[in-house]
Structure formats: C-alpha cells, structure tokens
Amino acid sequence: EAGGWGSIREATEAIGLALALAPLEPLQTPWGLFDSQGRRLKDVAELRRAPVAFFQEIGVWTWPAVREGFEQRVEGVGGSTAVLRTLSLRPKVFEVRDFLSKGETEEVMRLGEQQGLHASKGMMQSKDRDRGTAHSQFRTSKQAWLSNSLSPVVKELDGRVAELTRVPASHNEPVQ
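Structure report, in brief. Predicted model, so just to flag it, every value in this text is computed and none were measured.

### Describing the environment of E95
By the element assignment, E95 lies in strand β5 (residues 93–97). Since its relative accessible area comes to 31%, E95 is described here as partly exposed. When the C-alpha atoms of E95 and V83 are compared, they prove to be 8.0 Å apart, with 12 residues separating the residues in sequence.

### Let's talk about the packing of helix α3 (residues 102–115) against helix α6 (residues 152–165)
Between α3 and α6, whose axes approach to 10 Å, the crossing angle comes to 115 degrees. Seen from above, α3 lies across α6 with left-handed handedness. Between α3 and α6, the contacting residues are E104, E107, V108 and L111 on the first element and V153, V154, E156, L157 and R160 on the second. Broken down by class, the residue content of the contact of α3 with α6 amounts to five nonpolar, no polar and four charged.

### Some thoughts on α6
The terminal C-alpha atoms of α6 lie 20 Å apart, and with 14 residues this matches the ideal 20 Å at 1.5 Å per residue to within 8%. Taken together, the buried positions of α6 are occupied by V154, L157, D158, R160, A162 and L164. Along its buried surface, α6 packs onto β3 (71–77), β4 (80–88), β5 and α3. N-cap assignment for α6: the residue whose side-chain oxygen lies 3.0 Å from the backbone N of V153 is S151. R166 sits one or two residues past α6 and shows a positive phi near 65 degrees.

### Here we look at the side chain of E104
Relative to the assigned elements, E104 resides in helix α3. Within the structure, the side chain of E104 is placed 2.6 Å from the side chain of R160, a separation counted as a polar contact. In this structure E104 touches F99, V153, E156, L157 and R160, once residues within four positions along its chain are discounted.

### Here's the deal with the packing of aromatic side chains
One pass over the full model with this rule turns up four aromatic pairs. Aromatic side chains F54 and W61 sit 5.4 Å apart centroid to centroid with 80 degrees between the ring planes, which places their arrangement in the edge-to-face category. Taking relative accessible area as the criterion, F54 reaches 27% and is therefore assigned partly exposed. Measuring from centroid to centroid gives 5.2 Å for W61 and W63, while their planes differ by 90 degrees, and the two rings are edge-to-face.

### Here we look at the pairing of β3
Relative to β4, β3 runs antiparallel, the two being bridged by six bridges. Bridging across to β4, E75 finds its partner in T81. Where β3 folds back on β4, the antiparallel hairpin that results is connected by two residues, among which G78 adopts a positive phi of roughly 65 degrees.

### Some details on the sheet that holds β5
Read across the sheet, three strands follow the order β3-β4-β5 without closing on themselves; strand pairing throughout is antiparallel. Strand pairing shows two members of the sheet lacking a second neighbour, β3 and β5, which therefore form its edges. Shown here is a sheet whose adjacent strand axes are inclined to one another by a mean of 30 degrees, direction ignored. Helix-sheet contacts for α6 involve β3, β4 and β5, and the interaxial angle to β3 is about 130 degrees.

Rules behind the numbers
- Residues numbered from 1 in each chain as written.
- Predicted model: local features only at pLDDT ≥ 70, side-chain atom pairs only at ≥ 80, totals over all residues.
- Heavy atoms only, no water.
- Helix = DSSP H or I, 4+ residues; strand = E, 2+ residues; numbered from the N terminus.
- Buried < 20%, exposed > 50% of the residue type's maximum accessible area, 1.4 Å probe, protein only.
- Axes fitted to C-alpha atoms, helices over the stretch in contact; angles between N-to-C directions.
- Left-handed = near helix turned anticlockwise from the far one by under 90°.
- Contact = heavy atoms within 4.5 Å.
- Nonpolar A, V, L, I, M, F, W, Y, C, P; charged D, E, K, R; others polar.
- Expected span 1.5 Å × (residues − 1).
- Polar contact = N/O pair within 3.5 Å; in protein donor to acceptor, adjacent residues only side chain to side chain.
- Phe/Tyr/Trp six-rings, centres within 6.5 Å; stacked < 30°, edge-to-face > 60°.
- Pairing = 2+ DSSP bridges.

What follows is the structure in structure tokens.
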C-alpha cells in the first residue's frame, strides 16, 4: 500500500516485488518511477501528486510509443514543447516536430560539409551480397561528427537532445 512507503526506493522495490521481477543484479541500474513527462520521481510525495506514473524496469526513461500515429507533447525542450509522433512500434521510431529551426538545420549542414562528409558503411545482408548488390547501391548516406566546440548551435542542440531524451548530455555522442 502507498501509505507504507517511506521512500521512492521502497516504492520501486514494492512494485518490483508485486510484479515478481527478479532481484536487481549488483551492477544493474535500479528500477525507476517517472511522471508522464519522463522526469524521475524523487520522493513519495511526488508519486502521490502525479496523475500517472510509469515504472521502468530498465531504470531509465524511454518515451512510450503507444500506437502508430500517437502524438506526445514533450515539455521543456529548448524552452519550448516538442512533439513526438510514433511512426513505428517495432522498431520504435518517432518523428520529432518543432525541434530544429530552419536556421539551425542550415548551420548543421554547413558545419558538416565544412568538416568533410564521410560515407557511412552499413552491414550488408547475405541476400544482398548473394545478389551482387554494390555497396554504393546498398547504403549511400554521408555524415560528419560535430563536437560541441564547433558552434554554439551544436552545443545548444546537444542540450536539447538531452532535454528530449531525458538522458544527461554527458551521455550523448557527438552530433551527426
């Protein structure tokens, strides 16, 4: 019962027990409770105030796909609200609207070209190899890795990605 939880840790442990989850491994990320905007609940009072809470067995937030076409407003992204639209459930694919401005898009493209675009190399499937598909026909994308020090725009986007994913920017790869 919620009244018996003295801490959010006790709450997550009680939920894990009620769900008959295996005990956490020594280095496993602890289970987590999150509000509908993906913010980790820090105490039982926050849990009680939340109209809905999500229990994440993996201990980190992931946006729920819900169904194809579902739209989720994500608050606090670049001081505004972004919209996630589910394009696919498996694999989980989202379209992110209201995330980049036209000027930011142009700046990232300019920086990428300035850094030198490199062809990506994908892993060709056996059936493609057997058909004699040329690698140039298989995957033709080009990319550049952009560090935060290249431009204030790249640094801003890195922070915005962290706000969208609810994962600290220190865990981000360089912008591609």
